[in-house]
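One-letter residues, chain by chain:
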Amino acid sequence: VLEGPVVWAGAMVVHPGTHSETCTGIRQTIEAVGIPTVEVHLSNIYGREWFRHEAITAARCVGVISGFRAQSYYLGLDAALAIVEVSRRHGNGS
């Protein structure tokens, strides 16, 4: 469990699953670690029940990838890596 600022990573990928629309703890953790976060969902959350369309965790993420099954993880990692590379190019990373 991550608690507080993270200094050893430039970005992270989260898969909150069914907790994305209800779990304030995950949202608070994303805020607390203070690094860019990419949220991934295996299914298309907009193709599911109406109450899954709004993820409270997504508001604290730089982006959301949804609907590409297992490929969502790879796309999320690619996005996180791009964020880290841009940050390093601009002198903001370690």
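Please refer to the structure placed before this passage.
Model, not experiment: these values are computed from the prediction. (Residues numbered from 1 in each chain as written. Predicted model: local features only at pLDDT ≥ 70, side-chain atom pairs only at ≥ 80, totals over all residues. Heavy atoms only, no water.)

Enquirer: What's the story with the nonpolar core in this structure? I'm lost.
Expert: The nonpolar side chains of soluble globular proteins are, as a tendency, buried together. Core analysis: the biggest nonpolar cluster contains seven residues, these being V6, M12, V14, I30, V33, I35 and C61. Where this core is concerned, the elements lending two or more residues are β1 (12–14) and α1 (24–33). Among the nonpolar cores identified, the runner-up in size contains six residues, and A11, V40, I65 and V84 belong to it. (Core = buried A, V, L, I, M, F, W, Y, C linked by side-chain atoms within 4.5 Å. Buried < 20%, exposed > 50% of the residue type's maximum accessible area, 1.4 Å probe, protein only. Helix = DSSP H or I, 4+ residues; strand = E, 2+ residues; numbered from the N terminus.)

Enquirer: Any chance you could explain unusual backbone geometry here in plain terms?
Expert: Apart from glycine, the bulk of residues carry a negative phi angle, and the bulk of peptide bonds sit in the trans form. A positive phi is found at R69, a non-glycine position, where the angle reads about 50 degrees. Looking at where R69 falls in the secondary structure, it is placed in the loop between β3 (63–66) and α2 (71–89).

Enquirer: Could you clarify how one ought to interpret the pattern of salt bridges in this entry?
Expert: Proximity of charged atoms lets side chains of opposite charge pair with each other. A full pass over the atoms with the stated rule returns three salt bridges. Between E31 and R27 there is a salt bridge, with the nearest N and O atoms lying 3.6 Å from each other. Remark: R27 and E31 occur in helix α1; sequence separation between them is four residues, near one turn of the helix. Overall, E31 belongs to the partly exposed group, its relative accessible area being 39%. Residue R27 is classed as partly exposed on the basis of its relative accessible area, which comes to 22%. Connected through shared salt-bridge partners, R27, E31 and R60 make up one network. (Salt bridge = Lys/Arg side-chain N within 4 Å of Asp/Glu carboxyl O.)

Enquirer: Hey, could you run me through the pairing of strand β2 (residues 37–41) in this one?
Expert: Each regular strand carries side chains that alternate between the two faces of the sheet. Here β2 lies mainly inside the structure; five of its five residues are buried. Alternating residues of β2 divide into T37, E39 and H41 and V38 and V40, and every residue in both groups is buried. Where β1 meets β2, three bridges bridge the pair, whose relative direction is parallel. For V14, the partnering residue across the bridge sits in β2 and is E39. Read as a crossover between parallel neighbours, the route from β1 over α1 to β2 is right-handed. Where β2 lies against β3, four bridges are found, and the strand directions are parallel. Among the inter-strand pairings, H41 is bridged to a residue of β3, identified as S66. (Pairing = 2+ DSSP bridges. Right-handed = clockwise from strand over helix to strand, strands pointing away.)

Limitation: the analysis is restricted to geometry and does not speak to function.
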